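Here are the chains, one letter per residue:
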Amino acid sequence: MTALSRTIRTLSVIVATAALAAACASGYGDATPSTATRSAGIANCARVRPVKLAVADTIATGIQVPWGLTFLPDETALVAERDSAKVKHIVGKRVIEVGTVPGLHPSSEGGLLGLAVDPQFLSRPYVYAYYSTRTDNRIARLTWLNNRIVDPQVILDGIPTSAVHNGGRLRFGPDGFLYVGTGDGSAGHNSQDNKSLGGKILRITTDGEPAPGNPDPDSPIFTKGHRNVQGLAFDGDQLYASEFGQNTWDELNVIDRGANYGWPAAEGISHLDCMVDPIAQWTTAEASPSGIAFAQGYIFMASLRGERLWAIPVADGGAGKPVAFFTHQFGRLRTVETAPDGSLWLTTSNTDGRGKPRAGDDRILRITIPR
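Everything in this summary refers to the structure shown in the same document. (Residues numbered from 1 in each chain as written. Predicted model: local features only at pLDDT ≥ 70, side-chain atom pairs only at ≥ 80, totals over all residues. Heavy atoms only, no water.)

**Concerning the environment of Glu75**
Consideration 1: Locating Glu75 in the fold gives a position in the loop between strand E2 (66-71) and strand E3 (77-81).
Consideration 2: In this structure the C-alpha to C-alpha distance between Glu75 and Asp341, which are 266 residues apart in sequence, comes to 8.6 Å. (Helix = DSSP H or I, 4+ residues; strand = E, 2+ residues; numbered from the N terminus.)

Here you go:
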């Protein structure tokens, strides 16, 4: 870390500490799980069946920086290429270009990022895309028509952007609302600023409005104090999120309405008042996590720098001991999604400028979870 970086980090911590104190005084950020609840969850994880994973197939090859991945009701898939702005349709093992998201400005971590399919797709045939422009990150709603994406309509903009820390994951919850993981836009103070959409998890309607039941009914902010959220997954009604640390600890968090996750004052388990600690943490060399998915009692977490897929048993707000799979076998791993047949689809990210591409990269692998 340079002297300038250390100075910026110190100033950010001072600002964040003051913001945390204000949060405590105002009652915002008090949704901290009790020690008893967390302990019970960890104990329940011991009853989760030990997991085994196997690579069953290669679904697709030759995809350039795959980022968002989502499934249509007919069980075919859509995948976003980060730098080209193209959306590809995976039908069997055929890869078909079905459109481009306009206005994109790719960078080392920005571009066409998350995708999500409307939960009422048969009556509302929409696909949602999170992407970077020169001035911000934004979410567009696209219409699926004749096997193409058309008519992009921006439903939310003004999310801070930078070359890095853009967040980008989209996930519909069981409540029908769209959850959005954002990054701090390389400015840590955004994470504690209630007027900024950076460093947050947002919860919005399909029109981009604040969802009913948010902590502030006039704001899309659901939680704050995040550095860079690139993974969201639900186990029933419980939301989990993965988060990039700075130099020390990456995180898996249980997400509770209105909670404050402490960045930039906290990185990893810090035991600060009025903020929520992660339920699991890793060194940045072991993880640098992006996408996560839930299946069979586990959160599966794709790791970029760590080049492995982590399986973390979770239950009742707690986590058991993580287990790593495929370490250094496929290079950088970006996105993991639970497929309609119960398998996992896992994407590599070796063409993103930080990996070492291999023949056929980037690829989508199909991972089975033998019972």
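Once you've had a look at it, read on.
**Thoughts on the pattern of salt bridges**
Consideration 1: Under the criterion given, the structure shown has 14 salt bridges.
Consideration 2: Residue Asp57 is joined to Lys93 by a salt bridge in which the shortest nitrogen-to-oxygen separation is 2.9 Å. Remark: Lys93 occurs in the loop between strand E4 (86-91) and strand E5 (94-100) and Asp57 occurs in strand E1 (residues 54-60); sequence separation between them is 36 residues.
Consideration 3: Close ionic contact of Arg334 with Asp352 constitutes a salt bridge, the shortest N to O distance being 3.5 Å. Here Arg334, found in strand E23 (residues 333-338), pairs with Asp352, found in the loop between strand E24 (344-348) and strand E25 (364-368); they are 18 residues apart in sequence, far enough to count as distant.
Consideration 4: Taking relative accessible area as the criterion, Asp352 reaches 6% and is therefore assigned buried.
Consideration 5: In the salt-bridge network here, residues are joined through shared partners; they are Arg332, Arg334 and Asp352. (Salt bridge = Lys/Arg side-chain N within 4 Å of Asp/Glu carboxyl O. Buried < 20%, exposed > 50% of the residue type's maximum accessible area, 1.4 Å probe, protein only.)

**Observations concerning the sheet that holds E1**
In a beta sheet, neighbouring strands pair by backbone hydrogen bonds and run either parallel or antiparallel.
Consideration 1: An order of E1-E25-E24-E23 is seen for the 4 strands of this open sheet, with the pairing classed as antiparallel. Pairing within the sheet leaves two strands with one partner each, and these edge strands are E1 and E23. In this sheet, neighbouring strand axes are inclined to one another by 25° on average, regardless of whether the strands run parallel or antiparallel. (Pairing = 2+ DSSP bridges. Axes fitted to C-alpha atoms, helices over the stretch in contact; angles between N-to-C directions.)

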